[in-house]
There are 2 protein chains.
Amino acid sequence: MDTWKAIRGKRDTRDYEPRPIADDAQRRILQAGRMAGSSKNAQPIRLVVIRDAARKRALAACGDFTTHLPDSPLVIVIVRFDGSRPFDAGRTAQNMMLAAHELGIASCPVGIQHDERAREALGLPSDTVVAMAITFGYPRGGRAVGRGEARLPIGEYVHWEQWGGTGDGAPSA
Amino acid sequence: MDTWKAIRGKRDTRDYEPRPIADDAQRRILQAGRMAGSSKNAQPIRLVVIRDAARKRALAACGDFTTHLPDSPLVIVIVRFDGSRPFDAGRTAQNMMLAAHELGIASCPVGIQHDERAREALGLPSDTVVAMAITFGYPRGGRAVGRGEARLPIGEYVHWEQWGGTGDGAPSA
């Protein structure tokens, strides 16, 4: 699948078939995360791969909108070292989710980073924090369709030269 | 270019030819940002496209490692509304940089978010903050080669089930 098609077609989806992710697909998703750039190539990100049912349930208790987490065949928790940028975790996540999408695997970020129990469930050292969890799975019904498909019109999303600037450089009315 | 190849090959690169980015390529890069998912599809991100030389110089004064910014033919500043996640800005950035890479265009994030003058140069409203700037350009010499090509070994990058866990589920020695 060409890159632009993957970018255009990817939707955050949390309704998965229960069948496990194939090993080679899982390997590629992890490598995609690894290839993401980071500020000054400091590589402040680590991944924790979760497939154990009890651990998934423990993580699901750590956030809202996590009810699908125990049923996700693969959960990858993005961990970052203190002082690093959540921005770099977002780069990592998008790499993994696009690589998965190319393989027909849907995904969705899940916010569990605000709950200290997530750190405990993962045994994280004190100089690290959870950045985000990502659930992966083959989409139920074969289609990855998220709830929030709509996007802002491009004219509202993009400003030119300054806030409110239109394509000709002038602020919009 | 297939998605996996783009993910694997993308390097953060800041040495560009001076020639401008073609309009259709610029359009696709902006659309790629727009397609990035966000928490609850709140779409808290906006882009400010900078091609004006004086404004580039003003932004270059707002951070370290910005010397290449005035020579970048296209700078896109990622702006987010207060209360949103820098993580979502990272997703947006990676979409744009991968779409650009597929078109032979190199890119690099530039941290200008800590300087209040960046907000002023862009005329941002009080409920927004700069998340990151991204420079784009055709790579000098035709190859996008970043300074930081090396990546951690996969065994160091990935932990299994818990921090320090190896592929068989046991913490590593």
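Residues numbered from 1 in each chain as written. Chains lettered and ligands numbered in written order. Predicted model: local features only at pLDDT ≥ 70, side-chain atom pairs only at ≥ 80, totals over all residues.

A.B. asks: What should I look at first to understand the interface of chain B and chain A in this one?
C.D. replies: Often the size quoted for an interface is simply the accessible area lost on bringing the parts together. Taken together, the 60 residues of chain B in the interface contact 60 residues of chain A. Taken together, the elements giving at least two residues each to the side of chain B that touches chain A come down to α1 (3-9), α2 (23-35), β1 (45-50), α4 (86-102), β4 (128-137), α6 (154-157) and β5 (158-160) of chain B. Among the elements that line the side of chain B that touches chain A, the one with the most residues is α4 of chain B, at 12 residues. Across the side of chain B that touches chain A, the residue classes tally to 29 nonpolar, 15 polar and 16 charged. The pairing of strand β1 (residues 45-50) of chain A with β5 of chain B spans three bridges and is parallel. Residue pairing in the sheet places Val49 of chain A in a bridge with Trp160 of chain B of β5 of chain B. (Contact = placed C-beta atoms within 7 Å. Helix = DSSP H or I, 4+ residues; strand = E, 2+ residues; numbered from the N terminus. Nonpolar A, V, L, I, M, F, W, Y, C, P; charged D, E, K, R; others polar. Pairing = 2+ DSSP bridges.)

A.B. asks: Could you clarify how one ought to interpret the nonpolar core in this entry?
C.D. replies: Buried together is how nonpolar side chains tend to be arranged in soluble globular proteins. In this structure, Leu59, Val77 and Ile78 of chain A together with Leu59, Val77, Ile78 and Ile134 of chain B are the most contacted members of the largest nonpolar core, which totals 98 residues. Sequence-distant contacts of Leu59 of chain B, that is, excluding residues within four places in its chain, are made with Ile50, Leu69, Val75, Ile112, Ala118, Ala121 and Ala133 of chain B. (Core = buried A, V, L, I, M, F, W, Y, C linked by C-beta atoms within 7 Å. Buried ≥ 20, exposed ≤ 12 C-beta atoms within 10 Å, placed from the backbone.)

A.B. asks: Explanation requested: the relation of the copies chain B and chain A in the structure shown.
C.D. replies: Relating one copy of the chain to the other takes a rotation about an axis and a shift parallel to that axis. With an axial shift of 0.0 Å and an RMSD of 0.0 Å, the rotation relating chain B to chain A amounts to 180°. Expressed as an axis order, the relation between the two copies is that of a two-fold axis. Looking at chain B, 100% of its interface residues are interface residues in chain A too, so the copies touch through the same face. (Least-squares fit on C-alpha atoms with pLDDT ≥ 70 in both.)

A.B. asks: Sorry if this is basic, but what is going on with the confidence of the model for chain A here?
C.D. replies: Close inspection of predicted coordinates is inappropriate in any region flagged by low pLDDT. Chain-level statistics for chain A give a pLDDT mean of 92 and a share of 92% at 70 or above. In the predicted complex, the global pTM is 0.94; the interface-specific ipTM is 0.93. (pLDDT = per-residue confidence, 0-100.)

A.B. asks: For this particular structure, what's the right way to read the environment of Lys40 of chain B?
C.D. replies: Residue and element names in this part refer to chain B. Positionally, Lys40 belongs in the loop between α2 and β1. Judged by the 12 C-beta atoms lying within 10 Å of it, Lys40 is exposed. Through-space distance from the C-alpha of Lys40 to that of Arg85 is 11 Å; in sequence the pair is 45 residues apart.

A.B. asks: It is not clear to me how the sheet that holds β4 of chain B should be interpreted in this structure. Could you clarify?
C.D. replies: Through backbone hydrogen bonds, the strands of a sheet pair up, either in parallel or in antiparallel fashion. Taken together, the five strands give an open sheet; going across it, the order is β5(A)-β1(B)-β2(B)-β4(B)-β3(B), and neighbouring strands pair in mixed fashion. Pairing within the sheet leaves two strands with one partner each, and these edge strands are β5 (158-160) of chain A together with β3 (106-110) of chain B. Taken over all neighbouring pairs, the strand axes of this sheet differ in orientation by 25° on average, direction set aside. Contacting β1, β2 (74-81) and β4 of chain B, helix α3 (residues 53-60) of chain B crosses the sheet at an angle of about 120° to β1 of chain B. (Axes fitted to C-alpha atoms, helices over the stretch in contact; angles between N-to-C directions.)

A.B. asks: Explain the sheet that holds strand β3 (residues 106-110) of chain A here, please?
C.D. replies: The strand order β3(A)-β4(A)-β2(A)-β1(A)-β5(B) describes an open sheet built from five strands, whose pairing is mixed. Of all the strands in the sheet, the pair left with one neighbour each is β3 of chain A together with β5 of chain B. Along the sheet, successive strands turn relative to each other by an average axial angle of 25°, direction set aside. Two elements, β3 of chain A and strand β4 (residues 128-137) of chain A, share five bridges in a ladder whose sense is antiparallel. Note on β4 of chain A: the bridge partner recorded for Ser107 of chain A is Phe136 of chain A.

A.B. asks: Would you explain the packing of α2 of chain B against α4 of chain B in this entry?
C.D. replies: The relative placement of two packed helices comes down to the angle between their axes together with the axis-to-axis distance. Residue and element names in this part refer to chain B. Between α2 and α4, the shortest axis-to-axis distance is 7 Å and the interhelical angle comes to 145°. Our pair here, α2 against α4, has a crossing hand that is right-handed. Note on element contacts: α4 touches α2 through Thr92, Asn95, Met96, Ala99 and Ala100, opposite Arg28, Ile29, Ala32, Gly33 and Met35. (Left-handed = near helix turned anticlockwise from the far one by under 90°.)

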